[in-house]
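# Chains, contacts and geometry: an overview
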Amino acid sequence: MKLNQFVIIGLGRFGSNLGRELIKLGYEVLGVDRDEEKVQELSNVLTHTVVADATEEEVLRSIGARNFDCGVVAIGDDIQASILATILLKDLGVKKVVAKAVSDLHGRVLERVGVDRIIYPERDMGIRVAHQLVSPNLLDFIELSKQYTIAELSVPQCLSGKSLDDVNPRGRFGCSIVAINKPDGIIIAPVAKDVLLVNDVMVVIGTNQQIEQFQESIEH
Ligand code: ATP
């Protein structure tokens, strides 16, 4: 399903940045907040803005919330308001409802009321930064499953000038380099003779353990 129109409930730091980025990407965004000042700040940025309490069903009905493809509930501190707004958006028939949770319990309640996706921004960012701090070469990663990850690793000086055949992460650790991002373009499915240089980024796929072993081998 292609999502085109978004309604964001709560224009705090998370909701406002989400809205700004969706606008940059070319989507339509209706921003809702009960705080007039927050709405004022974004009135010239978002497609539409409304000062309203999103826990009132009539209010959500009157702003046509049900016509949106996706609703994002970006309320944190007021957990009751977050849950009520989520239920109302689901009941009104918004196809995809995404909500931000500030704790595990908040997330569990959102799950029970049928939210389609839960985001834990602080928790997830904390985890991400911890990984990056302990692994200087790790730029970013996606967990494909509990066991498998795709990681972006910067090429350290010790690998610069070496071919994939020389480095041989598949033979040594079992993980594979599936792409090399170079300043002048990306090589997808690189071959054995392709050469790594400092400033390149390797995209590596494998189990967490295989990638950790490869990382350790290039950090020392
Ligand atoms: P952030 O970290 O994104 O800044 P937060 O997690 O601290 O936000 P809050 O500040 O509690 O979350 O809420 C975000 C926004 O949601 C605030 O601007 C607040 O005015 C708005 N908000 C809270 N309750 C409601 C409600 N019932 N209806 C509309 N807006 C609401």
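This report concerns the structure included in the present document. Bear in mind that the values here come from a model prediction, so they are computed numbers and not experimental data.

Let us look at the packing of aromatic side chains. According to the stated counting rule, one finds two aromatic pairs in the structure shown. On the numbers, 5.7 Å between centres and 85 degrees between planes, the contact of Phe6 with Tyr27 is edge-to-face. Here Phe6 is found in strand 1 (residues 5-9), whereas its partner Tyr27 is found in the loop between helix 1 (13-24) and strand 2 (28-33), with 21 residues between them in sequence. For the ring pair Phe173 and Phe214, a centre distance of 5.9 Å and an interplane angle of 40 degrees mean the geometry is tilted. Here the residue Phe173 occupies a position in the loop between helix 8 (169-172) and strand 9 (176-182), and Phe214 occupies one in helix 9 (residues 208-219), the gap between them amounting to 41 residues.

Read across the open sheet, the five strands follow the order 7-8-11-9-10; overall the sheet is antiparallel. Since the sheet does not close on itself, it has two edges, and those belong to strand 7 (138-143) and strand 10 (185-188), each with one partner. The average angle at which neighbouring strand axes cross in this sheet is 20 degrees, direction not considered. Direction of pairing for strand 8 (residues 148-154) relative to strand 11 (residues 201-207): antiparallel, over a ladder of seven bridges. Following the sheet pairing, Leu153 is matched in strand 11 by Met202. Sitting on the sheet, helix 9 touches strand 7, strand 8 and strand 11, and the angle it makes with strand 11 is about 140 degrees.

Bringing helix 1 into the picture now. Here helix 1 is twelve residues long and its end C-alpha atoms lie 17 Å apart, about the 16 Å a rise of 1.5 Å per residue gives. Along helix 1, the positions that sit buried rather than exposed are Gly15, Ser16, Gly19 and Leu22. Looking down the long axis of helix 1, one finds its buried residues gathered within 130 degrees of arc, a one-sided arrangement. In helix 1, the exposed positions that point more than 90 degrees away from the buried face belong to Arg13 and Lys24. Following helix 1 by one or two positions, Gly26 has its phi on the positive side, about 95 degrees.

What follows covers the state of the cysteines. Simply put, the disulfide is a covalent bond whose two ends are the sulfur atoms of two cysteines. Considering all chains together, one arrives at zero disulfides under this definition. With no disulfide partner, Cys158 has as its closest neighbouring cysteine sulfur the one in Cys175, 14 Å distant.

This brings us to the environment of Glu21. Summarising the element assignment, Glu21 is placed in helix 1. For Glu21, a relative accessible area of 39% translates into the label partly exposed.

The rules behind each value
Residues numbered from 1 in each chain as written. Predicted model: local features only at pLDDT ≥ 70, side-chain atom pairs only at ≥ 80, totals over all residues. Heavy atoms only, no water. Phe/Tyr/Trp six-rings, centres within 6.5 Å; stacked < 30°, edge-to-face > 60°. Helix = DSSP H or I, 4+ residues; strand = E, 2+ residues; numbered from the N terminus. Pairing = 2+ DSSP bridges. Axes fitted to C-alpha atoms, helices over the stretch in contact; angles between N-to-C directions. Contact = heavy atoms within 4.5 Å. Expected span 1.5 Å × (residues − 1). Buried < 20%, exposed > 50% of the residue type's maximum accessible area, 1.4 Å probe, protein only. Arc of directions from axis to C-beta. Disulfide = S-S within 2.5 Å.

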